[in-house]
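The residues making up each chain are set out below.
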Amino acid sequence: TKEILIAPSILAADFARLGEEVAAIDAAGADWIHCDVMDGHFVPNISFGADVIKAIRPRTKNIFDVHLMIAPADPYLEAFAKAGADVITVHAEAGAHLDRSLQAIRMLGKKAGVSLCPATPESAIEHVLDRLDLVLVMTVNPGFGGQSFLGSQLEKIARIKSMIGARPIRLEVDGGVTRDNAAAVAAAGADTLVAGSAVFRGNSAAEYAANIAAIRTAAEA
Ligand code: DX5
Ligand code: ZN
C-alpha cells in the first residue's frame, strides 16, 4: 500500500500573502502543494496562471501538484513545466486528445496526471493507464473550494483503485475532503488527499499543522 500524502490546495490560501502561505503549509507538514489553475472557460472561475507558480516556486522545495482546470491545456503545458510544476494534471474532459496531452507532459520531464469530473466514468482512463503517474478523482464539481463532498464518487474511487492494480499510479481525491470523510476516502482506495478549506480554515498558520495532522490521522486509521 502506498503512503498517504496530504496535498493542501492553495486556492483556499490568502492570495495577498501567497508566498508566506506556501511556506507556512510547507512547515505545517504538507506533502505536496496542490495548485488549482482555473481559466474561467473550462470552469466558471479564474484563479492564477504559470507566472504565479513561478513566483512561489522559490518558497518551497515541496512538490507542486498542478491541477489544470483549463481548456485547451496543451498550449500551456510547457509554461507550467518551466514555472516549476512537478506533477501536471489535465482534465479528461478538456479536449479530444488525452493520450497526446499525457505524452507531452512526460516529454517535458514531469509526472502526468488525469482528472475526472464527477459525471465522467472511470472508463475514460481505460486506454491511457500506461501514460499515467496519477489519477485525480474530483469529489466536487470543479471551480471552487469550500464545496460539499460528493459521496457518489466513493465507488468510482474503488473501481479506479482496482483498475490501477499494481501500477505505480497515485490515486488522488480532490474536493470537500475533511477530517470527517478522510477515512472513507482512504478506505475507498485514495492515497493522496487534497484539502483546501479543511486545511486553511481558521486562517492561522498555527492551525494548519493541526488541520493537516487531523486529516492524515483519519486517513491512516
Ligand atoms: C476545485 C479544486 C479543489 C478545491 C479543494 O475545483 O480542484 O482542489 O480547491 O478545496 P476544498 O478542499 O475546500 O474543496
Ligand atoms: Zn484541485
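Computed from a prediction, not measured in an experiment: that's the story for all the values here.

Q: Please set out the coordination of the zinc ion (ligand 2) residue by residue, giving values where relevant.
A: In this structure, His34 (NE2), Asp36 (OD), His67 (ND1) and Asp174 (OD) serve as the protein donors to the zinc ion (ligand 2), at separations of 2.1 to 2.3 Å. Around the zinc ion (ligand 2), the six donor atoms sit at angles spanning 73 to 175°, and that spread fits a shape best called octahedral. Motif for the zinc ion (ligand 2), donor spacing along one chain: H-x1-D-x30-H-x106-D. With His34 in strand S2 (residues 32–38) and His67 in strand S3 (residues 63–69), this pair connects stretches of sequence that are 33 residues apart. Side by side, His34 and His67 carry an identical accessibility label, which is buried.

Q: Lay out the site of ligand 1 in plain terms, naming residues and giving numbers.
A: Near ligand 1, the surroundings consist of 20 residues, among which Asp36, Gly143, Asp174, Gly196 and Ser197 are the closest. Separating an oxygen atom of ligand 1 from a side-chain N or O atom of His34 is a distance of 3.4 Å. One of the side-chain nitrogen or oxygen atoms of His67 is found 3.1 Å away from an oxygen atom of ligand 1. Summarising the interface, the protein chains cover 99% of the accessible area of ligand 1, which totals 380 Å² for the free molecule. Elements that contribute at least two residues to the shell around ligand 1 include exactly S2, S3 and strand S8 (192–195). Tallied by class, residues from the shell around ligand 1 come to eight nonpolar, ten polar and two charged.

Q: Outline the UniProt feature "active site" (unreviewed entry) in the protein chain, listing residues and values.
A: Sites flagged by UniProt as "active site" (unreviewed entry) map to Asp36 and Asp174. A maximum C-alpha distance of 10.5 Å places the annotated residues, which cover 139 residues in sequence, within one compact spot. The topology assignment puts Asp36 in strand S2. In this structure, Asp36 is in contact with Ser9, Leu11, Ser47, Phe48, His67, Met69 and Asp174, ignoring residues within four places of it in sequence.

Q: For the sheet that holds strand S7 (residues 170–174), give the residues involved together with the corresponding values.
A: Taken together, eight strands build an open sheet; the order of strands is S1-S8-S7-S6-S5-S4-S3-S2 and the sheet is parallel. Each edge of the sheet is formed by a strand with only one pairing partner; in this case those strands are strand S1 (5–8) and S2. Sheet twist, expressed as the mean angle between neighbouring strand axes with direction ignored, is 25°. Here four bridges tie S3 to strand S4 (residues 87–91), and the two strands are oriented parallel to one another. The residue bridging Asp65 from the neighbouring strand is Val87, located in S4. Relative to the sheet, helix H8 (residues 205–220) contacts S1 and S8, its axis offset from that of S1 by approximately 145°.

Reading the values: rules and limits
- Residues numbered from 1 in each chain as written.
- Chains lettered and ligands numbered in written order.
- Predicted model: local features only at pLDDT ≥ 70, side-chain atom pairs only at ≥ 80, totals over all residues.
- Heavy atoms only, no water.
- Donors = N, O, S within 2.8 Å, 3.2 Å for Na, K, Ca; no water.
- Tetrahedral: all angles 85-135°; square planar, octahedral: opposite > 155°, others 65-115°.
- Helix = DSSP H or I, 4+ residues; strand = E, 2+ residues; numbered from the N terminus.
- Buried < 20%, exposed > 50% of the residue type's maximum accessible area, 1.4 Å probe, protein only.
- Near = heavy atom within 4 Å.
- Polar contact = N/O pair within 3.5 Å; in protein donor to acceptor, adjacent residues only side chain to side chain.
- Areas by Shrake-Rupley, 256 points an atom, 1.4 Å probe, with all protein chains shown as cover.
- Nonpolar A, V, L, I, M, F, W, Y, C, P; charged D, E, K, R; others polar.
- UniProt positions renumbered as here; feature names shortened; annotations may be inferred.
- Contact = heavy atoms within 4.5 Å.
- Pairing = 2+ DSSP bridges.
- Axes fitted to C-alpha atoms, helices over the stretch in contact; angles between N-to-C directions.

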